[in-house]
Amino acid sequence: MGRQFSHLLQALPSDALLRINGEATIDAPVEEDHRRLHPGGLFVARKGLVADGHDFIPQAIAAGAAALVLEREVDTRGVPSALLRDAAEATGYLAAAWYDHPARKMRLVGVSGTNGKTTTATLLHRILQRASEDRAGLISTVAADLGSSRADTGLHVTTPGAPQVQALLAQMVANGLTHAVLEMTSHGLAQGRLNGVILTAAVLTNVTHEHMDFHGSFTSYRAAKMRMFGLLPPGQGVALLNADDDQTARLLQGVEGRALTFGIEAEADLRAESVKHTPGGTRFTAVGPAPGRSLDIATRLAGDFNVSNCLAAAAAAMQITGVDDSHIVEGIADVASIPGRMERVVAGQDFTALVDFAHTPDALEKALQAGRDLLAPCGRLIVVFGCAGLRDLEKRRLMPAIAARLADISIFTAEDPRSESLDAILATMAQACRSAGGEEGQSFLREPDRARALLRACQLARPGDVVMACGKGHEQSMCFGETEYPWDDRHALRAALGGSALTTLPTASP
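Reading the values: rules and limits
Residues numbered from 1 in each chain as written. Predicted model: local features only at pLDDT ≥ 70, side-chain atom pairs only at ≥ 80, totals over all residues. Heavy atoms only, no water. Helix = DSSP H or I, 4+ residues; strand = E, 2+ residues; numbered from the N terminus. Core = buried A, V, L, I, M, F, W, Y, C linked by side-chain atoms within 4.5 Å. Buried < 20%, exposed > 50% of the residue type's maximum accessible area, 1.4 Å probe, protein only. Contact = heavy atoms within 4.5 Å. Pairing = 2+ DSSP bridges. Axes fitted to C-alpha atoms, helices over the stretch in contact; angles between N-to-C directions. Polar contact = N/O pair within 3.5 Å; in protein donor to acceptor, adjacent residues only side chain to side chain. Expected span 1.5 Å × (residues − 1). Parallel < 35°, antiparallel > 145°, perpendicular 65-115°, else oblique. Left-handed = near helix turned anticlockwise from the far one by under 90°.

### Some thoughts on unusual backbone geometry
- Of the consecutive residues G288 and P289, the connecting peptide bond is found in the cis state with omega at -5°.
- For P289, the location among the structural elements is in the loop between β17 (281–287) and β18 (294–299).
- In this structure, H101 is a non-glycine residue whose phi angle is positive, near 50°.
- Within the secondary structure layout, H101 lies in the loop between α3 (87–98) and β8 (107–112).

### Remarks on the nonpolar core
- L368, V383, F385, L454 and M468 are the most contacted members of the largest nonpolar core, which has 56 residues in total.
- The residues touching F385, leaving out its near neighbours within four places in the chain, are L364, M399, P400, A403, I411, F412, T413, E415, M429, R450 and C470.
- Counting 40 residues, the second-largest nonpolar core is a separate cluster that includes A201, I264, V307 and I338.

### Some words on the sheet that holds strand β23 (residues 444–446)
- Taken together, six strands build an open sheet; the order of strands is β19-β20-β24-β21-β22-β23 and the sheet is mixed. Strands with a single pairing partner mark the edges of an open sheet, and in this sheet they are β19 (343–344) and β23.
- Here five bridges tie strand β20 (residues 352–356) to strand β24 (residues 466–470), and the two strands are oriented parallel to one another. Bridging across to β24, L354 finds its partner in M468.
- Running at roughly 165° to strand β21 (residues 381–385), helix α13 (residues 395–406) makes contact with β21 and β22 (409–412) of the sheet.
- Each of β19, β20 and β24 is contacted by helix α16 (residues 489–497), which is oriented at about 160° to β20, the strand it contacts most.

### Some remarks on the environment of E183
- Mapped onto the secondary structure, E183 falls in strand β12 (residues 179–183).
- Among the residues examined, E183 registers a relative accessible area of 6% and is labelled buried.
- For the pair formed by E183 and T119, sequence separation is 64 residues and the distance between their alpha carbons is 9.8 Å.
- Side-chain polar atoms of E183 contact the side chain of T118, separated by 2.9 Å.

### With respect to helix α5 (residues 162–174)
- Taking 1.5 Å as the rise per residue, α5 with 13 residues should run 18 Å; its terminal C-alpha atoms sit 18 Å apart, in good agreement.
- Along α5, the positions that sit buried rather than exposed are A162, P163, V165, Q166, L168, L169, A170 and M172.
- Elements in contact with the buried residues of α5: β4 (30–31), α3, β8, β9 (136–139), β10 (143–145) and β12.
- Looking at the residues trailing α5, positive phi occurs at G176, about 85°.

### Considering the side chain of T205
- Relative to the helices and strands, T205 resides in the loop between β13 (201–204) and α7 (212–215).
- You can call T205 buried: its relative accessible area is 2%.

### A closer look at the packing of helix α4 (residues 117–132) against helix α11 (residues 325–334)
- With their axes 8 Å apart at the nearest point, α4 and α11 run at an angle of 130° to one another. Relative to α11, α4 is oriented oblique. Once α4 is placed against α11, the crossing between them reads as right-handed. Seen from α4, the contacting residues are L123, R126, I127, R130 and A131; seen from α11, they are H327, I328, E330, G331, I332 and D334.

By themselves, these figures tell us nothing about what the structure is for.
Spelled out as structure tokens, the structure:
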């Protein structure tokens, strides 16, 4: 399967290559981590957020690198090399060329947005499985479905690195898949991890406050999301945007080519009518985009935000050749729940217990609104959540204020404090809640240990209440310092419902 170094470089944009020094046969995959490199592989040295790949060139050469891609001049010890303007941007194109451009052999749909990405991607995946006789793949923050195998991705991972994306797509092609859905994060898009991917359709669920610690400004964050539409071939494919999102009017100005909208409240090409929420889920009619076209949709997912996610999935599916309305209706109905998204935990209790990934202001607001819809008469909403360390500081003010308005009782606790002081994070959250009218000891509490916080919430709950654990969802670990400790909100909440608190975190009592 060897490929010439010069042949791989031809996959780069015309202005990317500054010089090439030597030729080589590349017999192993492209890698940007020298620890993954196999003999005969191509090593891409790029500067990351923490480390600089150029510092590991000696190790890459020792591991058998056949050629090197560089961003600055270094001693290559005679190994063939190419100097590029931006190695990070180039990695995806090089990896795609090594794997013989797998994205060109499937119909791919990208899904991005601040909230709703995983749910929309999962719904669309199920629809495409119906339409393709189970030959549709998925890469999301919850799982990767490659056709013949499935991998959980529940740790703190978002979009995989560019070489891993292309390797997963190549595996899908080898397994005979014809369609795939890719969840795309702002980090992955901004860092070029999706370069080399070609989309048939691109769905943007919404753009709200998130990841300011990484992007620096909302403008940069929004621009990162918009990069997904650049993965649509010029004059082909379609961009799908949420008409109910206040950023959409601005975003549409930057979309080149065909664009369609979906929505509940605003005028949209595909809109939801006659929405009815029931204890077993939600029913609505999706009307459009063609005149006279309508689909009666029933989903087991709760909340208006999931109506929007269903619309997004349906709108994207309508752009894929071979997808019938029956595939859309049946595919959406198939999805009983999304791991860590308004997921019920049942242990015989007389109140509702839910786990949700809501970790942004907008997501928390929508989750709490959906939680209130589930309350029995005179029931109370009790929410447990925290704010991550070394991340967006503004959320520590916004989220407690939302909880003060929508929850009857809030318990602030640990949520990946990393190297920051957990007590300081909780103090900031408490002050924000007080400023929004909360009263400590009455409407909100502080409990650093997340297991004890969940136990306390269950102890406070009465018949007809709703207890929600927000922020961790499907994730399988929690970070203190630089260590990832085993953690699953669903397991912890189930233990709390049984009257005990897990002791896996360093905040647990001796």
